[in-house]
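Per-entry structural report
The residues making up each chain are set out below.
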There are 2 protein chains.
Amino acid sequence: MFKPLDPLLHSQLRLAVMSLLIGLEEADFTFLKEKTASTAGNLSVQLDKLEKAGYISIQKSFRDKRPLTTCKITRKGISAFEAYVENLKKYIE
Amino acid sequence: MFKPLDPLLHSQLRLAVMSLLIGLEEADFTFLKEKTASTAGNLSVQLDKLEKAGYISIQKSFRDKRPLTTCKITRKGISAFEAYVENLKKYIE
DNA sequence: TAAAGTAGTTTATAAAATAAACCTATTTAT
DNA sequence: ATAAATAGGTTTATTTTATAAACTACTTTA
């Protein structure tokens, strides 16, 4: 009946990040921070977790001499997100 | 864009309980425990939180000489659940 | 050159989820 | 009659998360 919800995705901030990335395919740290209205610290930690899970990939570079962190959803991340959504629907129908 | 998700409902077990109660209007502890496949301890704690939030009401009585805990969703609980679902949809569309 | 801003990371704290242990009473087997 | 198992939970302890606060490193502006 109620299948377990992927704990990595069942988190407000991580879910919002994945939701953005699934539409955009690529986004930088500042963009994600603004769109999710999160603090930098929290976002940094949660992006780390998503990367360690293989749900996103993170590229670090420089733009205009400043650090630039770019995030991209992976195929694994897309499937995990889709599975999570299907699953979650059972809870809210 | 992403409104905050009611932390009381954004929990796997509490959400499953509310999901059941919104359909049934009333259910006892054992039924909820079975349907949600949770441990008694966890369920006990989470029902307490839902009650303290005013989302459910809990009646304690006896059936066949044994303790019987019956839960019912409140009007407040119904609105909170509906608001949560509407909100959550923004994350998963 | 000092102050303020950018782009983050690390560390510490608070809150949540979960499991393990416990409690009280009842039923069943010996 | 009594020991063991079961029912129906609660309480306490431990682990995991989420979040905020503090910090780092560098750049730009006054």
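Below is a summary of the structure that appears in this document. Keep in mind that this is a model prediction, so the values were computed, not measured.

What counts and what doesn't
Residues numbered from 1 in each chain as written. Chains lettered and ligands numbered in written order. Predicted model: local features only at pLDDT ≥ 70, side-chain atom pairs only at ≥ 80, totals over all residues. Heavy atoms only, no water. Salt bridge = Lys/Arg side-chain N within 4 Å of Asp/Glu carboxyl O. Helix = DSSP H or I, 4+ residues; strand = E, 2+ residues; numbered from the N terminus. Buried < 20%, exposed > 50% of the residue type's maximum accessible area, 1.4 Å probe, protein only. Near = heavy atom within 4 Å. Polar contact = N/O pair within 3.5 Å; in protein donor to acceptor, adjacent residues only side chain to side chain. Nonpolar A, V, L, I, M, F, W, Y, C, P; charged D, E, K, R; others polar.

**What to know about the pattern of salt bridges**
Residue and element names in this part refer to chain A. Within this structure, the stated rule accounts for six salt bridges over all chains. A salt bridge links D48 to K52, with the shortest nitrogen-to-oxygen separation between them at 3.3 Å. With D48 and K52 both in helix α3 (residues 40–52) and four residues apart, this pair spans about one turn of that helix. By relative accessible area, which is 71% here, K52 ends up exposed. The closest approach of N and O atoms between E86 and K89, which form a salt bridge, is 3.4 Å.

**Points about the protein's contact with DNA strand C**
In the vicinity of DNA strand C, 20 residues are found, and the nearest of them are S44(A), K60(A), T69(A), S11(B) and R14(B). When the atoms of DNA strand C within 4 Å of the protein are sorted by group, sugar and phosphate make up 75%. K60(A) is positioned with one of its side-chain polar atoms (N or O) 2.7 Å from a phosphate oxygen of DNA strand C. Of all the elements in the fold, those that place two or more residues in the surface near DNA strand C are α2 (29–36), α3 and β3 (66–73) of chain A together with α3 (40–52) of chain B. Taken together, the residues of the surface near DNA strand C break down into five nonpolar, nine polar and six charged.

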